[in-house]
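Each chain, letter by letter, is given below.
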Amino acid sequence: MDVVQVDVFAPRPYAGNPLAVLPAAAGLTRVQMQAIASEMNLSETTFVTAASGDRYDVRIFTPGTELPFAGHPTLGTAWVLLRLGAIAGREVVQRTAAGETVVEADGERLSFTRTGASEADLEDRDPSALRLVARALGVDVSEIGLEARELGRAGRLRPAFADAGLRQLMVPVRDPDTLRRCGGELAALRELATDGVYAFTALQAGRVAERGLFPGVGVPEDPATGSAAAALDIY
């Protein structure tokens, strides 16, 4: 059974976020898929169970669990299948447990489109949540939150969940130094029913720095993430 490894979000090999793709995996069980993903030990491994025309079905696994959707696996899997000739078209459709995702190909550059939603600020639902998030990230409560003017908008950004196919916690932090120091007692985030956090800060209007810390699914830090970046856009 072939395994193709590609680097997503990268202009060259050995950069970006690596992904293992099994383009003909219809015969594998879920247990086998999880075992292979654990062996690959990448942020995600994908298993294509059907592909024809302009559509394909895929299952996405981290080293620890199966996901309904993920961004860099979406782009990497579509790229591999297009390159192998298993599917064709400028626009192709990926089917996962989160439904259909349209992937558009423009040469070597691919993009996906998702709808989604952002929830109310976490503090509005649970006043103690801000202290829990700060403890989980190993920073002070005063370092959580970001003035939106840093991104060319109005108001103050606070932690909230957003979902572009995978519900994830968005946490704005004060500055790049705070972002670098994030990573304390991340297991505490389980109290908020989440496997990790997407922490970000502003660099300038329209440009952010981020860290995807998802230890609950076996990914201590994701080199680059598409689903959380899409959720951040929705947030």
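Residues numbered from 1 in each chain as written. Predicted model: local features only at pLDDT ≥ 70, side-chain atom pairs only at ≥ 80, totals over all residues. Heavy atoms only, no water.

## Focus on helix 1 (residues 30-40)
Then, in step 1: Of the residues making up helix 1, those classed as buried are Met-33, Gln-34 and Ala-37. The buried residues of helix 1 occupy one face: seen down the axis, they fall within an arc of 95°. In helix 1, the exposed positions angled more than 90 degrees off the buried face are occupied by Val-31 and Glu-39.
Then, in step 2: Turning to helix 1, the residues buried within the fold contact strand 3 (45-52), strand 4 (55-61) and strand 5 (66-67). (Buried < 20%, exposed > 50% of the residue type's maximum accessible area, 1.4 Å probe, protein only. Helix = DSSP H or I, 4+ residues; strand = E, 2+ residues; numbered from the N terminus. Arc of directions from axis to C-beta. Contact = heavy atoms within 4.5 Å.)

## Focus on the packing of aromatic side chains
Then, in step 1: Under the counting rule described, the total for this entry stands at three aromatic pairs.
Then, in step 2: For the pair Phe-69 and Phe-112, a centre-to-centre distance of 5.5 Å together with 80° between the ring planes defines the contact as edge-to-face. Residue Phe-69 is located in the loop between strand 5 and helix 2 (71-84), and its partner Phe-112 is located in strand 8 (residues 109-113); the two are separated by 43 residues in the primary sequence. Here the two residues Phe-69 and Phe-112 agree in accessibility, since each one is buried.
Then, in step 3: Judged by centre distance (5.8 Å) and plane angle (75°), the rings of Phe-200 and Tyr-235 are edge-to-face. A residue pair is termed long-range when its members are at least 10 positions apart, and Phe-200 in strand 14 (residues 197-204) and Tyr-235 in the segment after helix 6 (226-234) qualify at 35 residues.
Then, in step 4: Look at Tyr-235 and you get partly exposed, because its relative accessible area is 23%. (Phe/Tyr/Trp six-rings, centres within 6.5 Å; stacked < 30°, edge-to-face > 60°.)

## Some words on the pairing of strand 12 (residues 160-163)
Then, in step 1: As judged from the three bridges shared by strand 9 (residues 117-121) and strand 12, these two strands associate in the antiparallel manner. Paired with Ala-117 across the bridge in strand 12 is Asp-163.
Then, in step 2: Counting the residues between successive antiparallel strands, the hairpin from strand 12 to strand 13 (residues 167-172) contains three residues, one of them, Gly-165, with a positive phi of roughly 125°. (Pairing = 2+ DSSP bridges.)

## Topic: the side chain of Gln-34
Then, in step 1: Mapped onto the elements, Gln-34 comes out in helix 1.
Then, in step 2: The exposure class assigned to Gln-34 is buried, which follows from its relative accessible area of 13%.
Then, in step 3: Apart from residues lying up to four places away in sequence, Gln-34 is in contact with Phe-61, Thr-62, Pro-63, Gly-64, Thr-65 and Glu-66.

## As for helix 4 (residues 129-137)
Then, in step 1: Burial analysis of helix 4 places seven of its nine residues in the buried class, which makes it a mostly covered element.
Then, in step 2: All of the buried residues in helix 4 are Ala-129, Leu-130, Leu-132, Val-133, Ala-134, Ala-136 and Leu-137.
Then, in step 3: For helix 4, the elements touching its buried residues are helix 3 (122-125), strand 13, helix 5 (176-181), strand 14 and strand 15 (207-214).
Then, in step 4: With its phi angle positive at about 75°, Gly-138 sits one or two positions after the end of helix 4.

## Some words on the environment of Val-4
Then, in step 1: Along the chain, Val-4 falls in strand 1 (residues 4-8).
Then, in step 2: According to the relative accessible area criterion, Val-4 is partly exposed, its value standing at 25%.
Then, in step 3: Along the chain, Val-4 and Met-33 lie 29 residues apart, while their C-alpha atoms are 15 Å from each other.
Then, in step 4: With near-sequence residues (within four places) excluded, Val-4 lies in contact with Leu-19, Ala-20, Val-21, Pro-23 and Val-80.

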